[in-house]
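Here is how the chains run, residue by residue.
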Amino acid sequence: MLEIKNLHVKLEDEDKQILKGVNLTVEAGKVHAIMGPNGSGKSTLSYVLSGRDGYEVTDGEATLDGADLLDLEPEERAAAGLFLAFQYPVEIPGVGNLTFLRTAVNAQRKARGEEELSSADFLKVVRERAKTLKIDADMLKRPVNVGFSGGEKKRNEILQMAMLEPKMCILDETDSGLDVDAMKLVSEGVNALRSEGRSFLVITHYQRLLDHIKPDVVHIMANGRIIKTGGPELALEVENNGYADLLAEVE
Amino acid sequence: MAALDRPELDVKEGVDQDTVDAVAKLSGKYKYGWETEIEMEYAPKGVNPDIVRLISEKNEEPEWMTEWRLAAFERWETMTEPKWAMVNYPEIDFQDQYYYARPKSMVEKPKSLDDVDPKLLETYKKLGIPLKEQMILAGVEGAEDYKEGERKVAVDAVFDSVSVGTTFKKELEKAGVIFCSISEAIKNHPELVKKYLGSVVPVSDNYYATLNSAVFSDGSFVYIPPNTRCPMELSTYFRINAENTGQFERTLIIADKGSYVSYLEGCTAPQRDTAQLHAAVVEIIVEEDAEVKYSTVQNWFPGDENGKGGIYNFVTKRADCRGDRSKVMWTQVETGSAVTWKYPSCILRGNDSQGEFYSIAIANNYQQADTGTKMIHLGKNTKSRIVSKGISAGKAQNTYRGLVSMHPKAKNSRNYTQCDSLLIGSQCGAHTVPYIEVKNNSSRVEHEATTSKVDDDQLFYCRQRGMDEEEAVALVVNGFCKEVLQALPMEFAMEAQQLVAISLEGSVG
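Since this is a predicted model, take the numbers as computed values, not measurements.

## Examining the overall build of chain A
Right, so step 1: Assigned secondary structure in chain A consists of 10 helices and 12 strands.
Right, so step 2: In terms of overall size, chain A behaves like a compact globule, its C-alpha atoms giving a radius of gyration of 18 Å where 251 residues would be expected to give roughly 18 Å.
Right, so step 3: Across its three principal directions, the C-alpha atoms of chain A cover 60 × 40 × 35 Å.
Right, so step 4: By residue count, 55% of the 251 residues in chain A fall in the buried class.
Right, so step 5: Looking at chain A alone, contacts between residues at least 24 apart form 69% of all its contacts between residues at least 6 apart.
Right, so step 6: A total accessible area of about 10500 Å² is found for chain A, and carbon and sulfur atoms account for 45% of it.

## Quick notes on the overall build of chain B
Right, so step 1: Secondary structure summary: chain B contains 13 helices and 24 strands in total.
Right, so step 2: Put simply, chain B has 509 residues, and 63% of those count as buried.
Right, so step 3: Per element, the accessible surface of chain B, about 19000 Å² overall, is 46% carbon and sulfur.

## Details of the pattern of salt bridges
Right, so step 1: Applying the stated criterion to the full structure yields 30 salt bridges over all chains.
Right, so step 2: Among the salt bridges present, the one from A:Arg142 reaches A:Glu152, with a minimum N-O distance of 3.5 Å. Taken together, the residues span a long stretch of sequence, with A:Arg142 in the loop between helix H5 (137–141) and strand S8 (143–144) and A:Glu152 in helix H6 (residues 150–164) at a distance of 10 residues.
Right, so step 3: With a relative accessible area of 17%, A:Glu152 lands in the buried category.
Right, so step 4: Several salt bridges converge on common partners, so that one network encompasses A:Glu73, A:Glu75, B:Arg463 and B:Glu469.

## Concerning helix H3 (residues 63–77) of chain B
One turn of the α-helix equals 3.6 residues, which is why residues spaced by three or four share an orientation.
All names here are of chain B.
Right, so step 1: Here H3 contains 15 residues, and its C-alpha end-to-end distance of 21 Å stays within 8% of the 21 Å for a straight helix at 1.5 Å per residue.
Right, so step 2: Of all the positions in H3, only Met65, Thr66, Trp68, Arg69, Leu70, Ala72, Phe73 and Trp76 are classed as buried.
Right, so step 3: Where H3 is buried, its residues touch helix H2 (49–58), helix H7 (182–188), helix H9 (207–215) and strand S8 (250–255).

## Let's talk about the side chain of B:Gln332
All names here are of chain B.
Right, so step 1: In this fold, Gln332 is placed in strand S14 (residues 327–334).
Right, so step 2: Within the local environment of Gln332, its side chain forms a polar contact with the side chain of Ser359, the two groups lying 3.0 Å apart.
Right, so step 3: With residues near it in sequence (within four places) discarded, Gln332 still touches Thr296, Lys342, Pro344, Phe357, Tyr358, Ser359, Ile360, Thr371 and Val484.

## A word on empty space enclosed by the protein
Residue and element names in this part refer to chain B.
Right, so step 1: Enumeration over the complete set of coordinates arrives at 4 cavities of 30 Å³ or more.
Right, so step 2: Estimated volume of the largest cavity: approximately 110 Å³.
Right, so step 3: Lining the largest cavity are 19 residues, and of these Ser388, Gly390, Asn398, Thr399 and Tyr400 sit closest to its centre.
Right, so step 4: Elements with a minimum of two residues in the lining of the largest cavity: strand S17 (354–363), strand S20 (383–392), strand S21 (397–406), strand S22 (414–423) and strand S23 (429–438).
Right, so step 5: Top element by residues in the lining of the largest cavity is S20. It accounts for 5 residues.

## Some words on the nonpolar core
Right, so step 1: Of all hydrophobic cores here, the largest spans 114 residues; its most connected members are A:Leu2, B:Ile391 and B:Val477.
Right, so step 2: Once residues within four sequence positions are removed from consideration, B:Ile391 is found in contact with B:Ile360, B:Ala361, B:Ile362, B:Ala363, B:Asn398, B:Leu422, B:Ile424, B:Val477, B:Phe480, B:Cys481 and B:Leu504.
Right, so step 3: Residues B:Tyr99, B:Ala185, B:Ile186 and B:Ala279 belong to the second largest nonpolar core, which totals 48 residues.

## Quick notes on unusual backbone geometry
Residues and elements named next belong to chain A.
Right, so step 1: With a phi close to 50°, Asn6 is a non-glycine residue in the positive phi region.
Right, so step 2: Residue classification places Asn6 among the partly exposed positions, given a relative accessible area of 32%.
Right, so step 3: Unlike most non-glycine residues, Asn145 shows phi in positive territory, near 65°.
Right, so step 4: Along the chain, the position of Asn145 falls in the loop between S8 and H6.

## A look at the interface of chain A and chain B
Right, so step 1: If you look at the interface, chain A gives 42 residues, while chain B gives 31 residues.
Right, so step 2: Where chain A packs against chain B, one counts 4 salt bridges.
Right, so step 3: In this structure, the connection of chain A to chain B is made through 13 residue pairs in polar contact (both at pLDDT 80 or more).
Right, so step 4: Going through the elements one at a time, helix H1 (42–50), helix H2 (74–79), strand S6 (82–85), strand S7 (92–96), helix H3 (97–111), helix H4 (119–132), H5 and H6 of chain A are the ones with two or more residues in the side of chain A that touches chain B.
Right, so step 5: At 10 residues, H3(A) tops the list of elements feeding residues into the side of chain A that touches chain B.
Right, so step 6: Partitioning the side of chain A that touches chain B into residue classes produces 21 nonpolar, 11 polar and 10 charged.

## A short note on the sheet that holds strand S4 (residues 55–64) of chain A
All names here are of chain A.
Right, so step 1: The strand order across the open sheet built from 4 strands is S2-S1-S4-S5, with neighbouring strands paired in antiparallel fashion. With one partner strand each, in any of the chains shown, strand S2 (17–26) and strand S5 (67–68) form the two edges of the open sheet.
Right, so step 2: Relative to S4, strand S1 (residues 2–11) runs antiparallel, the two sharing 8 bridges. Considered in S4, the bridge of His8 is made with Asp59.
Right, so step 3: Strands S1, S2 and S4 of the sheet are contacted by H1, whose axis makes an angle of about 105° with S1.

## A closer look at the packing of aromatic side chains
All names here are of chain B.
Right, so step 1: Taken as a whole and judged by the stated rule, the model has 22 aromatic pairs over all chains.
Right, so step 2: Aromatic side chains Trp76 and Phe94 sit 5.6 Å apart centroid to centroid with 75° between the ring planes, which places their arrangement in the edge-to-face category. Residue Trp76 is found in helix H3, and its partner Phe94 is found in the loop between H3 and strand S2 (101–103); the two are separated by 18 residues along the sequence.
Right, so step 3: Judged by relative accessible area, Trp76 falls into the buried class, the value being 7%.
Right, so step 4: Taken together, a centroid distance of 5.4 Å and an interplanar angle of 50° make the contact between Tyr89 and Phe314 tilted.

## Here we look at the pairing of strand S13 (residues 310–321) of chain B
Residues and elements named next belong to chain B.
Right, so step 1: Taken across its 12 residues, S13 has 12 buried, putting it largely inside the fold.
Right, so step 2: Pairing of strand S11 (residues 281–286) with S13 involves 6 bridges; the strand directions are parallel. In the sheet register, Ile285 faces S13, and the bridge partner there is Asp320.
Right, so step 3: As paired strands, S13 and strand S15 (residues 339–342) are joined by 4 bridges and run parallel to one another. Along S15, the bridge assignment pairs Val315 with Lys342.
Right, so step 4: With 4 bridges connecting them, S13 and strand S16 (residues 345–348) associate as parallel partners.

## A closer look at a negative patch on the surface
Right, so step 1: The grouping of A:Glu12, A:Asp13, A:Glu14, A:Asp15, A:Asp53, B:Asp455 and B:Asp456 at the surface amounts to a negative patch.
Right, so step 2: As for its position among the elements, A:Glu14 is in the loop between S1 and S2.

## Overview of the confidence of the model for chain A
Low pLDDT marks regions whose predicted coordinates should not be analysed in detail.
Right, so step 1: Model confidence for chain A is summarised by a mean pLDDT of 92, while 99% of its residues fall at 70 or above.
Right, so step 2: Ranking the helices and strands of chain A by mean pLDDT puts S6(A) first, with 97, and helix H10 (residues 244–250) of chain A last, with 78.

## What to know about the sheet that holds strand S3 (residues 31–35) of chain A
All names here are of chain A.
Right, so step 1: An order of S6-S9-S10-S3-S11-S12 is seen for the 6 strands of this open sheet, with the pairing classed as mixed. Bordering the open sheet on either side are S6 and strand S12 (225–230), each of which pairs with just one other strand. When strand polarity is set aside, the average angle formed by the axes of neighbouring strands in this sheet is 20°.
Right, so step 2: Taken together, the 4 bridges between S6 and strand S9 (residues 168–172) define a ladder with parallel strand orientation. Within S9, the position partnered with Phe83 by the bridge is Cys169.

Conventions adopted
Residues numbered from 1 in each chain as written. Chains lettered and ligands numbered in written order. Predicted model: local features only at pLDDT ≥ 70, side-chain atom pairs only at ≥ 80, totals over all residues. Heavy atoms only, no water. Helix = DSSP H or I, 4+ residues; strand = E, 2+ residues; numbered from the N terminus. Rg over C-alpha atoms; globule rule 2.2 N^0.38 Å. Buried < 20%, exposed > 50% of the residue type's maximum accessible area, 1.4 Å probe, protein only. Contact = heavy atoms within 4.5 Å. Areas by Shrake-Rupley, 256 points an atom, 1.4 Å probe, with all protein chains shown as cover. Salt bridge = Lys/Arg side-chain N within 4 Å of Asp/Glu carboxyl O. Expected span 1.5 Å × (residues − 1). Polar contact = N/O pair within 3.5 Å; in protein donor to acceptor, adjacent residues only side chain to side chain. 1 Å grid on protein atoms, 1.4 Å probe; cavity = no way out; pocket = protein on both sides within 12 Å on 5 of 7 lines; lining within 4 Å. Points joined across faces, edges and corners; volume = space filled by probe spheres on them. Core = buried A, V, L, I, M, F, W, Y, C linked by side-chain atoms within 4.5 Å. Nonpolar A, V, L, I, M, F, W, Y, C, P; charged D, E, K, R; others polar. Pairing = 2+ DSSP bridges. Axes fitted to C-alpha atoms, helices over the stretch in contact; angles between N-to-C directions. Phe/Tyr/Trp six-rings, centres within 6.5 Å; stacked < 30°, edge-to-face > 60°. Patch = residues over 30% accessible without salt bridge, like charges linked within 9 Å, V, L, I, M, F, W, Y side chains within 5 Å. Lys, Arg positive; Asp, Glu negative; His and termini not counted. Charge placed at Lys NZ, Arg CZ, Asp CG, Glu CD. pLDDT = per-residue confidence, 0-100.

The structure is reproduced here in structure tokens:
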């Protein structure tokens, strides 16, 4: 599914190398978690994969089902099946959540040469998926993320994910700013989307999210590289001992 | 929940999918940039008393009208062009313009569709006017009885200087509504025209209005009798076609006691290298308990991406809320014109009268817009509300200029002004120039202003969800304009959303 080879990335405006040779393969249907201390390059990885401005790839490659991601515009990557659940979902005043969702869904369908969803079909699907995430009609009508609580924003991200049905989902610190109940809701939403053809890359600081979304593989990232890969037990190790031991091991 | 069952409500939330499609189809060029090759009859270039007389004669006007025009011309010659607006343009040679042009085929009425200059019909078709209206506009006799879909918008079209026809006339007559060209009104309803013409915008009001008074060639006239709700929306399409021709329309709308009308105005012009002049005057009289909604989608050619050509739009629009509890609502979407100079205003004379002004002004490339409103509170308990959304992109300059004036007798009056500017890119400018005068101590004036930029994070967010950059900009900007788009009648709201998107194409990246 997702293959990252020797990825080197620096900031566009600054001579600062952030990623220093990331290698990662996420197989179809698997959930991989990336953990790591602040500034290790986790969020940068998610931004570079999704095509945000401000970064320069100096070496390496990233492919999604064989397609060269780094060559594509952000919207082309989205249409190819890449989804990023933002750490800080962006507010768009005046644009209703439903309108936003429908524009996005149909833009992707069009890009893939599929027929657009009719209003009726779209509404039916949205309501059904919103319900499981406890998103009510009012929240669907409100402007995108404007005045949403932290939990509402993250649930809204998962709703978008559910509607866009991506192949490869990246969750960038989706647990940040969530209370226990909200984390449960969001995790249930994610778990409901797990399927054979869909992979996840879950970026998080903490083990607790991984109690709800059980990963198949856990990577530890530090200083722009993946320094250790293991099973779910690796996350527990970090939870108990912190990153210091792991970092020392590498150096 | 009920609201969600009706997908058409989506329109009010921002961009609709259909809009986005339509925009995609239009591929980024000015949609109305074609020119119709039609044999035209011109008056000689330039303006002088003889030309004024000629225009009057061509319209078969009575003597009093000719005199009125000549007096205006005399006045105009003593005036100088105003320079206070924040717009720059090369000096206009007022003698290098044609002041009268009309399609030759309109000299005699065609008997059937076959006799109509097919190019004229083609023009209407491109403007999206349905066939029945096309026939009527082309002046085909008996076209009123032609059956087509039940689209209830009466249309008057002004092609260059001449009103070429009005639809649904009979149906409107039944309701007692008069909707015709102003030249017909001068002939058939002189008592109304005499009473109201120039009563809101006096002949001497300003340079362009005075010139208009002298040389206006046609325009629309509306009279709604007392206690009548106009049975359909009224609409005028203005089209400048001929080259080097100034267009000077005159619109007069009278809403008698207790009446209601919603009036729409659309404007387009061909794409040309040379700038063209448009100086219109709109006067609205609102009597006791009457209400007028006036919506404009102004899409004159804005000039090309290097600032060449385009329409110079110097327009005076004013509503006089004469009667108690009268109400007027201006909604404008200004996307076109190279230079816009326009301040639709409300004189709130009657007690408890209300004025509202909703505006979207978009300036891209080298466009310059200086627009806003004047709310003149004269009566007691009068209320006004101003919502202005200015969007600047490219190298454009966009100025909101507004006056709120509370006179001594306007006790307990209120105004609320909200003035938001949105910048796209780093080479454009937004300016807000509010003038506030309060001459009594029981009135309240509130002014809120914001300036923001289309945020890279917003665009990236939209694109990560699959929208391309232009869709993303259109979505964000339409969201920014939402309150104003909501004030437009549904059909216009759709058109306006498309226009917002088209006008901003190429403004990012």
